[in-house]
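Each chain, written out:
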Amino acid sequence: MRTFLTSAVFILSFIFFVCSILSNVFFLPVVPDLLLLFTIYISIQKGCLQGETVGFFSGLILDFVSAAPLGLNALLRTIIGFIAGLFHLTIGTSGIITPMVLGVFATFAKVLFTYFISFFFPGVVLTYDFFSKIFLFECIFNGLLAPVMFFIFSKFQSIAHMEVSTISELRK
């Protein structure tokens, strides 16, 4: 239950931060996908089920605030959450290199799945060009932000799983 509430707070905070602040920064060529990084982190730490759940709900909320067809982001992030969840506790999320690689691979998977889905809905789903600056910058931003975000997530995860007696001991 605490993981669900913590995830809900992160999802809503990231939606607000990305939609109201990052999307209005004029010198950013693309907006980093913080929700994708969060989905990857939860999937690897908690497994397929929670990764799928976080991916689905973050994608659904993102669908409501974006111009994407309803369900597109939910589907993409659910699939990515499931695939990342297959590596539950087999990949470490600490350090710098591993989160960077995970951020870049997750961005590449998102673009690849979007491209695949566009075959079924050719006029509705907008795809990335694999050799465009937008794709390159999004991979770079997600790769560079992943170690920082994973570190922040790990700190919040340790706070969310503290026992009540531990919190009361901290207040003393």
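For the structure, see preceding data.
The paragraphs below set out a description of the structure included in this document. (Residues numbered from 1 in each chain as written. Predicted model: local features only at pLDDT ≥ 70, side-chain atom pairs only at ≥ 80, totals over all residues. Heavy atoms only, no water.)

1. Remarks on the layout of surface pockets
Phase 1: Looking at the largest pocket, its volume works out to about 830 Å³.
Phase 2: Along the wall of the largest pocket there are 31 residues; nearest its centre are Leu-62, Ser-66, Asn-73, Lys-110 and Tyr-128.
Phase 3: Elements supplying a minimum of two residues to the lining of the largest pocket: helix H1 (2–21), helix H2 (34–46), helix H3 (48–65), helix H4 (72–85), helix H5 (97–118) and helix H6 (133–160).
Phase 4: In the lining of the largest pocket, the residues fall into 22 nonpolar, 5 polar and 4 charged. (1 Å grid on protein atoms, 1.4 Å probe; cavity = no way out; pocket = protein on both sides within 12 Å on 5 of 7 lines; lining within 4 Å. Points joined across faces, edges and corners; volume = space filled by probe spheres on them. Helix = DSSP H or I, 4+ residues; strand = E, 2+ residues; numbered from the N terminus. Nonpolar A, V, L, I, M, F, W, Y, C, P; charged D, E, K, R; others polar.)

2. Some points on the environment of Ile-61
Phase 1: When you line up the elements, Ile-61 lands in helix H3.
Phase 2: Distance in space between the C-alpha atoms of Ile-61 and Ile-15 is 7.9 Å, their sequence separation being 46 residues.
Phase 3: Residues in contact with Ile-61, not counting those within four places in the same chain, are Ile-11, Leu-12 and Ile-15. (Contact = heavy atoms within 4.5 Å.)

3. A short note on the packing of H4 against H5
Phase 1: Across the interface, H4 lies against H5 with an axial gap of 10 Å and an inter-helix angle of 130°. Between H4 and H5, the angle is such that the two are oblique. Crossing geometry of H4 relative to H5 is assigned as right-handed. Of the residues in H5, those in contact with Leu-72, Leu-75, Leu-76, Arg-77, Ile-79, Ile-80 and Ile-83 of H4 are Ala-106, Ala-109, Lys-110, Phe-113, Thr-114 and Ile-117.
Phase 2: Across the contact of H4 with H5, the residue classes tally to 10 nonpolar, 1 polar and 2 charged. (Axes fitted to C-alpha atoms, helices over the stretch in contact; angles between N-to-C directions. Parallel < 35°, antiparallel > 145°, perpendicular 65-115°, else oblique. Left-handed = near helix turned anticlockwise from the far one by under 90°.)

4. Notes on the nonpolar core
Phase 1: One finds Phe-14, Phe-38, Ile-40, Phe-150 and Phe-153 to be the most contacted residues of the largest nonpolar core, which totals 24 residues.
Phase 2: Where this core is concerned, the elements lending two or more residues are H1, H2, H3, H4, H5 and H6.
Phase 3: No other element matches the 9 residues that H2 contributes to this core. (Core = buried A, V, L, I, M, F, W, Y, C linked by side-chain atoms within 4.5 Å. Buried < 20%, exposed > 50% of the residue type's maximum accessible area, 1.4 Å probe, protein only.)

5. Considerations on the pattern of salt bridges
It is possible for side chains of opposite charge to pair when their charged atoms get near one another.
Phase 1: In the structure shown here, the tally under the stated rule is 3 salt bridges.
Phase 2: Asp-33 is the salt-bridge partner of Arg-77, the closest N and O atoms lying 2.8 Å from each other. Of the two residues, Arg-77 sits in helix H4 while Asp-33 sits in the loop between H1 and H2, which places them 44 residues apart along the sequence. Both residues of the pair, Arg-77 and Asp-33, belong to the buried class.
Phase 3: One continuous salt-bridge network, built from bridges that share partners, spans Asp-33, Arg-77, Lys-110 and Glu-138. (Salt bridge = Lys/Arg side-chain N within 4 Å of Asp/Glu carboxyl O.)

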